[in-house]
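Geometric and topological summary
Single-letter residue listing:
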Amino acid sequence: NALRLSAAREQDEALSKYASNAARAQSRLDQTDIVLGEATDIMRRIEELALTAFNDTTPQSERASIASEIRVLRTSLLGSANARDETGRALFGGFSTNADPFVDGVDGVSFVGDAGQPDLQVSESMRLRTGANGQDVFQPGTPDGAFEAIDSLLTLLETDVAASAEATGEGALNLTFDTSREPQDWTFSLAGPGGTVEIEVTLADGATGSAIDAISARSAETGVTATIDPTTGAISLAAPGTISVSDMAREDGGPGALATAAAPGEPPQPIVSPADTRDGVLDRLKEARSTFIDQRTEVGALAANASRQTDVITSRQTDMDLAISGLEDLDLAAALTRLQQLLLTRDASQQTYAKITQQTLFDYIR
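The helix and strand inventory of the protein stands at eight helices and 11 strands. Across the 366 residues that make up the protein, the buried fraction comes to 40%. The contacts of the protein with a sequence gap of at least 6 include a subset with a gap of at least 24, amounting to 64%. Accessible surface for the protein amounts to roughly 19,300 Å². Of this, 53% is attributable to carbon and sulfur atoms.

Shown next, in the form of structure tokens:
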């Protein structure tokens, strides 16, 4: 019984630890759910503001006010991304819970946490996740990342131009790339009267000759020729028909105009990636909000699992308390029995001694 009682008490201690872990998991998951709800509301408001700003009847002065509100909302969203639980640990930092997992810089918001998925032991065979990872929720560094979509929206609002992902010209089109000092890889679609091709080229400031070579190498397929405009340094495209440049992308993937195109007699037109057009930005904002909703659904499922596991542990603790009580009662009964045996032995010894001491020498002679 003593061995069984010791084992039962050890199991009861383990159940207490599992109950504590389940409660901690439940708390973090509940807080994560609240934060994701707040993030979803922020993104919904930003979408509403974007729709208002993109209305052609909205004056630029109002767009500036809208941009100011969006910046405030962006700051609030960054606060949500760096939210902490009641113990001061970051909710979205993975295993890195001491420092803020998201940092805002000149190139936008970056993730400095890790991809870990913290969990806690809640039974002999089960570990339960205690939250969501920041990379999965905010998708930093991707076009569908919440902060990347917001930054692209702000860029559109600040330029006061309905940027397009395609530029066309009849017979001619001048193209100026927004290059940097560091060489970067570029891709774009070039269409002419002969057909459409994908151009891949590496460009840097003052080094656009490779674009001329790449376009000229495909002239037989497109009917488009390319030369350098000696006055502006732009690439002059020419063809006996319509010329179109679209689906442009740059290695750094940053928001804003990637190039400027000018057709004869038309004002210069900025070219952006399809994701940075008005429709593209709206789609990305919706996708970011959808990600928050999906992650919140997953966190809700984890919280429900933690609640169920808490009920299981409580039931097991009740059964274990009954078992321990039974074993302790059994030991008490054994102790009482032993005590009764000792008392009987004592009484018998005392009676024997008393009888012996009362006898005389004549009793023994008889």
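What follows is about the pattern of salt bridges. Using the criterion set out here, one finds 16 salt bridges in the structure. With its nearest N and O atoms 2.6 Å apart, the salt bridge here joins Asp85 to Arg28. Placement of Asp85 in the loop between helix H2 (60–81) and strand S1 (102–105) and of Arg28 in helix H1 (residues 2–53) is noted, with a sequence separation of 57 residues between them. Comparing Asp85 with Arg28 shows no difference in burial state: the two are buried. With a shortest N-O distance of 2.7 Å, Arg129 and Glu298 are connected by a salt bridge. Taken together, the residues span a long stretch of sequence, with Arg129 in strand S4 (residues 127–129) and Glu298 in helix H7 (residues 278–358) at a distance of 169 residues. Connected via shared salt-bridge partners are Arg45, Glu48 and Glu69.

Turning next to the packing of aromatic side chains. Scanning all chains against the criterion turns up eight aromatic pairs. Taking 5.6 Å as the distance between ring centres and 90 degrees as the angle between the ring planes, the aromatic pair formed by Phe92 and Phe138 counts as edge-to-face. With a gap of 46 residues between them, Phe92 in the loop between H2 and S1 and Phe138 in helix H3 (residues 134–138) connect regions that are remote in the sequence. Exposure class is identical for Phe92 and Phe138. Each is buried. For the ring pair Phe177 and Trp186, a centre distance of 5.2 Å and an interplane angle of 75 degrees mean the geometry is edge-to-face. Of the two residues, Phe177 and Trp186, both sit in the buried class.

Along helix H5 (residues 209–217), the positions that sit buried rather than exposed are Ala211, Ile212, Ala214 and Ile215. Taken around the axis of H5, the buried residues stretch over an arc of 165 degrees, which confines them to a single face. Opposite the packed face of H5, turned more than 90 degrees from it, sit the exposed residues Asp213 and Ala217. For H5, the elements touching its buried residues are strand S5 (166–177), strand S6 (184–192), strand S7 (195–203), helix H6 (219–222), strand S8 (225–228) and strand S9 (235–250).

Going through the model one piece at a time under the given rule, you end up with one cavity of 30 Å³ or more. Size it by volume and the largest cavity reaches roughly 30 Å³. Lining of the largest cavity is provided by Arg28, Leu91, Gly94, Gly116, Pro118, Thr130, Gly131, Ala132 and Asn133. The class makeup of the residues in the lining of the largest cavity is three nonpolar, five polar and one charged.

Okay, the nonpolar core next. One finds Met43, Leu77, Phe92, Phe138, Leu153 and Leu285 to be the most contacted residues of the largest nonpolar core, which totals 54 residues. Contributing elements (two or more residues each) for this core: H1, H2, strand S2 (108–111), H3, helix H4 (146–159) and H7. Among all residues touching Met43, those that are not within four sequence positions of it are Leu77, Ala146, Ile150, Leu285, Ala288, Arg289 and Phe292. Trp186, Phe188, Leu237 and Ala259 belong to the second-largest nonpolar core, a separate cluster that totals 28 residues.

A few words on the side chain of Thr277. Looking at where Thr277 falls in the secondary structure, it is placed in the loop between strand S11 (269–271) and H7. Classification of Thr277 as buried rests on a relative accessible area of 13%. Among the polar contacts listed, one links the side chain of Thr277 to the backbone oxygen of Pro274, at a separation of 2.9 Å. Apart from residues lying up to four places away in sequence, Thr277 is in contact with Leu156, Ala163, Ser164, Ala165 and Val272.

Once that is clear, we can look at the packing of H2 against H4. Between H2 and H4, the shortest axis-to-axis distance is 10 Å and the interhelical angle comes to 165 degrees. Classified by the angle their axes make, H2 and H4 are roughly antiparallel. Here H2 and H4 pass one another in a crossing that is left-handed. In this structure, H2 contributes Gln60, Arg63, Ile66, Ala67, Ile70, Arg71, Arg74, Leu77, Leu78 and Ala81 to the contact, and H4 contributes Ala146, Phe147, Ile150, Asp151, Leu153, Leu154, Leu157 and Glu158. For the contact of H2 with H4, a count of residues per class yields 12 nonpolar, one polar and five charged.

With 84% of its residues at a pLDDT of 70 or more, the protein has an overall mean of 85. Across the protein, H6 holds the top mean pLDDT of 95, while helix H8 (residues 361–365) sits lowest at 55.

Here we come to the environment of Arg89. Relative to the helices and strands, Arg89 is located in the loop between H2 and S1. Sequence spacing of Arg89 and Arg28 is 61 residues, and the spatial spacing of their C-alpha atoms is 9.6 Å. What Arg89 contacts, discounting residues up to four positions off in sequence, is Arg28, Ala83, Arg84 and Thr97. Only 3.2 Å separates the side chain of Arg89 from the side chain of Thr97, close enough to count as a polar contact.

Reading guide: rules and limits
Residues numbered from 1 in each chain as written. Predicted model: local features only at pLDDT ≥ 70, side-chain atom pairs only at ≥ 80, totals over all residues. Heavy atoms only, no water. Helix = DSSP H or I, 4+ residues; strand = E, 2+ residues; numbered from the N terminus. Buried < 20%, exposed > 50% of the residue type's maximum accessible area, 1.4 Å probe, protein only. Contact = heavy atoms within 4.5 Å. Areas by Shrake-Rupley, 256 points an atom, 1.4 Å probe, with all protein chains shown as cover. Salt bridge = Lys/Arg side-chain N within 4 Å of Asp/Glu carboxyl O. Phe/Tyr/Trp six-rings, centres within 6.5 Å; stacked < 30°, edge-to-face > 60°. Arc of directions from axis to C-beta. 1 Å grid on protein atoms, 1.4 Å probe; cavity = no way out; pocket = protein on both sides within 12 Å on 5 of 7 lines; lining within 4 Å. Points joined across faces, edges and corners; volume = space filled by probe spheres on them. Nonpolar A, V, L, I, M, F, W, Y, C, P; charged D, E, K, R; others polar. Core = buried A, V, L, I, M, F, W, Y, C linked by side-chain atoms within 4.5 Å. Polar contact = N/O pair within 3.5 Å; in protein donor to acceptor, adjacent residues only side chain to side chain. Axes fitted to C-alpha atoms, helices over the stretch in contact; angles between N-to-C directions. Parallel < 35°, antiparallel > 145°, perpendicular 65-115°, else oblique. Left-handed = near helix turned anticlockwise from the far one by under 90°. pLDDT = per-residue confidence, 0-100.

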